[in-house]
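For reference, the chains in residue letters:
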There are 2 protein chains.
Amino acid sequence: MEKFFIEPIGFIKTPFKSKAEAPRQTIYSKGAKGKIKILDKYLEGIKGIEKYKYLMLIFYFHKSKNYHLLEMPPKSNEVRGVFTTRSPNRPNSLGFSVVKLLKAGPDYLKVSNVDMLDGTPIIDIKPYISDLDKK
Amino acid sequence: MEKFFIEPIGFIKTPFKSKAEAPRQTIYSKGAKGKIKILDKYLEGIKGIEKYKYLMLIFYFHKSKNYHLLEMPPKSNEVRGVFTTRSPNRPNSLGFSVVKLLKAGPDYLKVSNVDMLDGTPIIDIKPYISDLDKK
């Protein structure tokens, strides 16, 4: 197990065109809406998804280039390891957010509470299940 | 944005040597314990992690080879898209679990509620923050 490939299953449109505009987390998104366009080859994979209220998205921080293992998070005065943060600048550049599903179309998903940049590649979608995922 | 590489930041030891032994989800793990060995080059990244009670792990389903976009989940009689399931057989083969942090060592993390196979590559660790992640 050294390196392996991953590739997008779709891309999300959001109102956030730059890092300065994007909220730091979904809870700061003020309900911002997004639309995930699923790539044709993966369309069957969303069959039945309309019954879920929340979805977990794993996405790729496509605008992040470098990371530091130690960093000073916003509103903090303490140097911390990158794995104690949600920073987009991290090894493997993967992001995670739970969004609310508003509408499932034939080849798209309308969602709210998005915090990612416009054009972000979506790597995986999993149903959020409160009994499993809430702590 | 076509394909990109990701690589492990560490590996987890768990009691589950085969798919038949592994619980389907963390809530069925009966508190099973695991030990994440962080690779030397990423060690600084866990600095300060001991203050978190729960961690989100993104990991690689290294034993999964094929997937079907449509599948029949266990205990179901309905064909569903793979993105409505937590199946390990999925595009990009990424798994997600929230585990409890028991102890942070210099180069390892002892955790409980693990559901992954022994030797699973860990791709990312993020703090689970109830206010952000609970729905």
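This one's a predicted model, so the numbers in the text were calculated from it and none came from an experiment.

### A short note on the confidence of the model for chain A
Right, so step 1: Averaged over every residue, the pLDDT of chain A is 91; the share at 70 or more is 99%.
Right, so step 2: As scored by the predictor, the complex reaches a pTM of 0.93 and an ipTM of 0.93.

### Observations regarding the sheet that holds strand 3 (residues 33-38) of chain A
Residue and element names in this part refer to chain A.
Right, so step 1: Pairing in this closed barrel of 6 strands is antiparallel, and the strands run 2-3-8-7-4-9 around the ring. This sheet shows a mean twist of 45° between the axes of neighbouring strands, independent of strand direction.
Right, so step 2: Pairing of strand 2 (residues 10-13) with strand 9 (residues 120-127) involves 3 bridges; the strand directions are antiparallel. Residue pairing across strands places Ile 12 opposite Thr 120, the latter belonging to strand 9.

### What about a positive patch on the surface?
Residue and element names in this part refer to chain A.
Right, so step 1: A cluster of like positive charges, contributed by Lys 13, Lys 33, Lys 35, Lys 103 and Lys 110, occupies part of the molecular surface.
Right, so step 2: Following the sequence through the fold, Lys 103 ends up in strand 7 (residues 94-104).
Right, so step 3: What makes Lys 103 partly exposed here is its relative accessible area of 43%.

### Section: the relation of the copies chain A and chain B
Right, so step 1: With an RMSD of 0.0 Å, the operation that places chain A on chain B is a rotation of 180° combined with a shift of 0.0 Å along the axis. Considering both components of the superposition, the chain copies are consistent with a two-fold axis.
Right, so step 2: Most of the interface of chain A is mirrored in chain B: 100% of its interface residues are interface residues there too.

### A word on the interface of chain A and chain B
Right, so step 1: Counting from both sides, the interface comprises 61 residues of chain A and, opposite them, 61 residues of chain B.
Right, so step 2: Considering only the surface of chain A that becomes buried against chain B, A:Phe4, A:Phe83 and A:Lys135 emerge as the three largest contributors, covering 15% of it.
Right, so step 3: Across the pair B:Glu78 and A:Lys51 runs a salt bridge, and its minimum N-O distance is 3.5 Å.
Right, so step 4: Taken together, chain A and chain B are joined by 23 residue pairs in polar contact (both at pLDDT 80 or more).
Right, so step 5: When contributions to the side of chain A that touches chain B are tallied by element, the ones reaching two or more residues are strand 1 (4-6), strand 4 (54-60), strand 6 (80-81), strand 7, strand 9 and helix 1 (130-133) of chain A.
Right, so step 6: Ranked by residues supplied to the side of chain A that touches chain B, first place goes to strand 9 of chain A with 6 residues.
Right, so step 7: When the residues that make up the side of chain A that touches chain B are grouped by side-chain class, the tally is 34 nonpolar, 10 polar and 17 charged.

### A short note on the pairing of strand 8 (residues 108-112) of chain A
All names here are of chain A.
Right, so step 1: Within strand 8, 4 of the 5 residues are buried, which leaves it mostly tucked inside the rest of the structure.
Right, so step 2: In the sheet, strand 3 pairs with strand 8 via 5 bridges, with the strands oriented antiparallel. For Lys 35, the partnering residue across the bridge sits in strand 8 and is Lys 110.
Right, so step 3: As judged from the 4 bridges shared by strand 7 and strand 8, these two strands associate in the antiparallel manner. Within strand 8, the residue paired with Lys 103 across the bridge is Lys 110.
Right, so step 4: Between strand 7 and strand 8, which pair antiparallel in sequence order, lie 3 residues.

### What to know about the packing of aromatic side chains
Right, so step 1: According to the stated counting rule, one finds 8 aromatic pairs over all chains in the structure shown.
Right, so step 2: Ring geometry for A:Phe4 versus B:Tyr60: centroids 3.5 Å apart, planes at 25°, classification stacked. Placement of the pair is A:Phe4 in strand 1 and B:Tyr60 in strand 4 (residues 54-60), with the two residues belonging to separate chains.
Right, so step 3: The buried category is assigned to A:Phe4, whose relative accessible area is 7%.
Right, so step 4: With a centroid separation of 6.2 Å and an interplanar angle of 75°, the aromatic rings of A:Tyr54 and A:Tyr128 are classed as edge-to-face. With A:Tyr54 in strand 4 and A:Tyr128 in the loop between strand 9 and helix 1, this pair connects stretches of sequence that are 74 residues apart. Side by side, A:Tyr54 and A:Tyr128 carry an identical accessibility label, which is buried.
Right, so step 5: It is A:Lys3 that lies over the ring of B:Phe5; its NZ or CZ is 5.1 Å from the centre.

### A look at the side chain of B:Ser93
All names here are of chain B.
Right, so step 1: For Ser 93, the location among the structural elements is in the loop between strand 6 (80-81) and strand 7 (94-104).
Right, so step 2: Using a relative accessible area of 11% as the deciding quantity, one classes Ser 93 as buried.
Right, so step 3: Sequence-distant contacts of Ser 93, that is, excluding residues within four places in its chain, are made with Phe 59, Tyr 60, Phe 61 and Ser 64.

Conventions used here
Residues numbered from 1 in each chain as written. Chains lettered and ligands numbered in written order. Predicted model: local features only at pLDDT ≥ 70, side-chain atom pairs only at ≥ 80, totals over all residues. Heavy atoms only, no water. pLDDT = per-residue confidence, 0-100. Pairing = 2+ DSSP bridges. Helix = DSSP H or I, 4+ residues; strand = E, 2+ residues; numbered from the N terminus. Axes fitted to C-alpha atoms, helices over the stretch in contact; angles between N-to-C directions. Patch = residues over 30% accessible without salt bridge, like charges linked within 9 Å, V, L, I, M, F, W, Y side chains within 5 Å. Areas by Shrake-Rupley, 256 points an atom, 1.4 Å probe, with all protein chains shown as cover. Salt bridge = Lys/Arg side-chain N within 4 Å of Asp/Glu carboxyl O. Lys, Arg positive; Asp, Glu negative; His and termini not counted. Charge placed at Lys NZ, Arg CZ, Asp CG, Glu CD. Buried < 20%, exposed > 50% of the residue type's maximum accessible area, 1.4 Å probe, protein only. Least-squares fit on C-alpha atoms with pLDDT ≥ 70 in both. Contact = heavy atoms within 4.5 Å. Buried area = accessible area lost by both parts, 1.4 Å probe. Polar contact = N/O pair within 3.5 Å; in protein donor to acceptor, adjacent residues only side chain to side chain. Nonpolar A, V, L, I, M, F, W, Y, C, P; charged D, E, K, R; others polar. Phe/Tyr/Trp six-rings, centres within 6.5 Å; stacked < 30°, edge-to-face > 60°. Lys NZ or Arg CZ within 6 Å of the ring centre and 35° of its normal.

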